[in-house]
Amino acid sequence: MTKYNLEIYCTLSLNSVTYGHLTWEWKKGIRGFTYPLFFAAIYKILHWIHCDSVHLLVWLPRLIQALVTAFADFKFFFLLRGLENRDVAKWTSFCHLCSWFTWYSCSRTLTNSVEATITCLALCYFPLPGSKTHSSKKYLSLVALGIVVRPTALIVWLPLLIHHFWHDENKLRLVVHDYIPIGASAVVISTIIDRIFYEKWIFVHLNFLNVNILDGVASLYGTHPWHWYLTQGFPVIIGPHALFFCHGCFLAHKRYRILLLTIAWTVGIYSLLPHKEFRFIYPVLPFCMIFCGAALARMRVWRRAAASFLLASNLLTALYTGLIHQRGALDVMGHVHALCRDVSQPDVLFAMSCHSTPYYSHVHCPLKMRFLECPPDLGQADYVNESDRFNEDPLLWLQTSYPHARSRPTHLVLFDVMEKKIAAFLRQNNYTKTTDIFHTHFPEGGVGRRIFIYERHRQPRGHVGGHV
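Residues numbered from 1 in each chain as written. Predicted model: local features only at pLDDT ≥ 70, side-chain atom pairs only at ≥ 80, totals over all residues. Heavy atoms only, no water.

1. Observations concerning the overall build of the protein chain
Along its length, the protein chain carries 19 helices and seven strands. Relative to a compact globule of 468 residues, whose C-alpha radius of gyration would be 23 Å, the protein chain shows 25 Å and is just as compact. The principal-axis extents of the C-alpha atoms in the protein chain amount to approximately 85 × 55 × 45 Å. Each of the 468 residues in the protein chain was classed as buried or not, and the buried ones make up 48%. Sequence separation of at least 24 residues holds for 73% of the intrachain contacts in the protein chain that already meet a minimum separation of 6. Element-wise, carbon and sulfur atoms account for 62% of the exposed surface of the protein chain, whose accessible area totals about 23500 Å². (Helix = DSSP H or I, 4+ residues; strand = E, 2+ residues; numbered from the N terminus. Rg over C-alpha atoms; globule rule 2.2 N^0.38 Å. Buried < 20%, exposed > 50% of the residue type's maximum accessible area, 1.4 Å probe, protein only. Contact = heavy atoms within 4.5 Å. Areas by Shrake-Rupley, 256 points an atom, 1.4 Å probe, with all protein chains shown as cover.)

2. Side note on the state of the cysteines
For the structure on display, the rule yields two disulfides. One disulfide bridge connects C340 with C365, the sulfur atoms lying 1.9 Å from each other. Disulfide C340 to C365: torsion about the S-S bond roughly -75 degrees, handedness left-handed. Of this pair, C340 sits in the loop between α16 (328–338) and β3 (347–350) while C365 sits in the loop between β3 and β4 (368–371), and the two are 25 residues apart along the sequence. Judged by relative accessible area, which is 27%, C340 ranks as partly exposed. Across a sulfur-sulfur distance of 1.9 Å, C354 and C374 are joined as a disulfide pair. Across the disulfide from C354 to C374, rotation about the S-S bond amounts to roughly 85 degrees, and the bridge is consequently right-handed. Separated by 20 residues along the polypeptide, C354 in the loop between β3 and β4 and C374 in the loop between β4 and α17 (386–392) bring together distant segments of the chain. Pair check on accessibility: C354 and C374 agree, each one buried. (Disulfide = S-S within 2.5 Å.)

3. Quick notes on the confidence of the model for the protein chain
In the predicted model, the protein chain carries a mean pLDDT of 89, and 94% of its residues have values of at least 70. Averaged pLDDT values over the elements of the protein chain bottom out at 38 in strand β1 (residues 12–14) and peak at 97 in strand β5 (residues 411–415). Contacts of residues 1–16 to residues separated by more than four positions or lying in other chains number 55 contacts, the stretch itself having pLDDT below 50. Ignoring residues within four places in sequence, the model shows residues 460–468, a span with pLDDT below 50, making 11 contacts including any to other chains. (pLDDT = per-residue confidence, 0-100.)

4. Things to note about a nonpolar patch on the surface
A contiguous nonpolar patch, built from L37, V188, I192, I196, F197 and W201 and spanning about 610 Å² of accessible area, is present on the exposed surface. Looking at the nonpolar patch element by element, the count peaks at four residues for helix α9 (residues 171–198). With respect to the helices and strands, W201 occurs in the loop between α9 and α10 (204–214). (Patch = residues over 30% accessible without salt bridge, like charges linked within 9 Å, V, L, I, M, F, W, Y side chains within 5 Å. Salt bridge = Lys/Arg side-chain N within 4 Å of Asp/Glu carboxyl O.)

5. What about the packing of helix α4 (residues 86–97) against helix α15 (residues 303–323)?
For the pair α4 and α15, interaxial distance at closest approach is 11 Å and the crossing angle is 25 degrees. Regarding the angle of α4 to α15, the classification is roughly parallel. Packed against α4, whose contacting residues are D87, W91, F94 and C95, the element α15 presents R303, A307, L310 and L311 at the interface. Among the residues making up the contact of α4 with α15, the classes are represented as six nonpolar, no polar and two charged. (Axes fitted to C-alpha atoms, helices over the stretch in contact; angles between N-to-C directions. Parallel < 35°, antiparallel > 145°, perpendicular 65-115°, else oblique. Nonpolar A, V, L, I, M, F, W, Y, C, P; charged D, E, K, R; others polar.)

6. Thoughts on the packing of aromatic side chains
Throughout the structure, instances matching the rule amount to 29 aromatic pairs. Seen from their ring centres, F77 and F78 are 5.6 Å apart, and the 80 degrees between their planes marks the pair as edge-to-face. Relative accessible area serves as the criterion here: at 22%, F77 is assigned to the partly exposed category. For F78, a relative accessible area of 42% translates into the label partly exposed. In this structure an aromatic cluster arises from ring pairing among W228, Y229, Y270, F278 and F280. One Lys or Arg, R62, reaches over the ring of W59 and ends 4.7 Å from the middle of that ring. (Phe/Tyr/Trp six-rings, centres within 6.5 Å; stacked < 30°, edge-to-face > 60°. Lys NZ or Arg CZ within 6 Å of the ring centre and 35° of its normal.)

7. Quick notes on the packing of helix α8 (residues 153–167) against α9
Contact geometry for α8 and α9: axes closest at 8 Å, N-to-C directions at 135 degrees. Looking at the two axes, α8 sits oblique to α9. For the pair formed by α8 and α9, the contact residues are L161, H164, F165 and W166 on the first element and K171, L174, V175 and Y179 on the second. Classifying every residue of the contact of α8 with α9 gives six nonpolar, one polar and one charged.

8. A look at empty space enclosed by the protein
Counting across every chain of the model gives four cavities of 30 Å³ or more. Space inside the largest cavity adds up to approximately 100 Å³. Forming the walls of the largest cavity are T69, A72, D73, H96, T102, S113, A116, T117, C120, Y282, L285 and P286. Those elements giving two or more residues to the lining of the largest cavity turn out to be α3 (54–83), α6 (111–125) and α14 (285–298). Considering every element that reaches the lining of the largest cavity, the biggest residue donor is α6, with four residues. Residues belonging to the lining of the largest cavity are distributed by class as follows: six nonpolar, five polar and one charged. Computed from the structure, the second largest cavity encloses a volume of approximately 70 Å³. As for the second largest cavity, its lining consists of 10 residues, and the residues nearest its centre are H355, S356, T357, P358 and F371. (1 Å grid on protein atoms, 1.4 Å probe; cavity = no way out; pocket = protein on both sides within 12 Å on 5 of 7 lines; lining within 4 Å. Points joined across faces, edges and corners; volume = space filled by probe spheres on them.)

Structure (structure tokens):
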């Protein structure tokens, strides 16, 4: 799993110098501005009070996301207290809080993490039988917000919405007073926000469906067999809880059957899509923990040992994936950020597959940088996938992209597996390795074990650089 999956690309301003980067998703209008607007407001406030340092720009959004997740976990516990006895509620919360994948994902600003947090909060107000905190308006508002943030949230909530409608005594009132007003408000508000920032009328949710599903663009970023979520995806994210989950499916109260159906529905629908990732099914993880808690609460003889096993195994996995595995992509940005103080106007090229590292959010200065882009082929006449071309023949790509000595970058960031392939370019252009950073114990494909930074030293006076 990639340590860093998503860069929130936004345009920042410093001393009237504008810099930043927008990926193809924003140019094609498949992303909404409602969620990034929240962080943009935080960044603007930090700018006004002159506290917009790189550390705050990077860590404050994560801290806020972690606090919101903690609030959702708090509400989740009180939902369980109302549905079950204290013992079941305690062990269900324990299972939820010691999940390694929750630790790994909850503080990240991925839309999937926000979707999972909103789903957990919405469940606290969903009218499950016996719930003392249910509120149709609250849970529907949260569901609408989740769909605005990430349209795929509708997949998780569709069976729950149908279940609510089917069992509600006054269906007409539910539709007229709740479903329609809340849904319409979410659509109108998000569309107006997108109209302001795109500077044209656009419906991003429809574009998202057309590009990712109907046009099949998502499959360009990797495909997996239909059973991947059953054999790899779901077992990995639920981790050591798997046996407890399976046992709890037979023990849990019948009121939770709709949640079990929702888990099966979500995994089934995502299994039909060719492009699959672990994080896509993260929102159903809190549902799973209800069944894990039911199994652990029923244990008597081995419960303490089972709890110790869950905590230890999840803790080790979370610490490794969160602090060690693929950490080089973040560590290298500290070295790149240090170049902001270099008066020689550095020019940095990330000579690795697209989106391997963060970008301007971890630099926050008008440093000249370039990474290899990998937009899908949407029928453009001038379509180019730099990342694929570079990986096919990195030496040729460098020679043709930088034919003149004066245009070549001052710094190259690359994985160790690429070093030998471009050794001639490095040697002939006087590049020297200045930084060696650990990345992962499990290199794969174009992702290496270590990340190197090479710096080009200026040629002596009188030397004329030519073609490689």
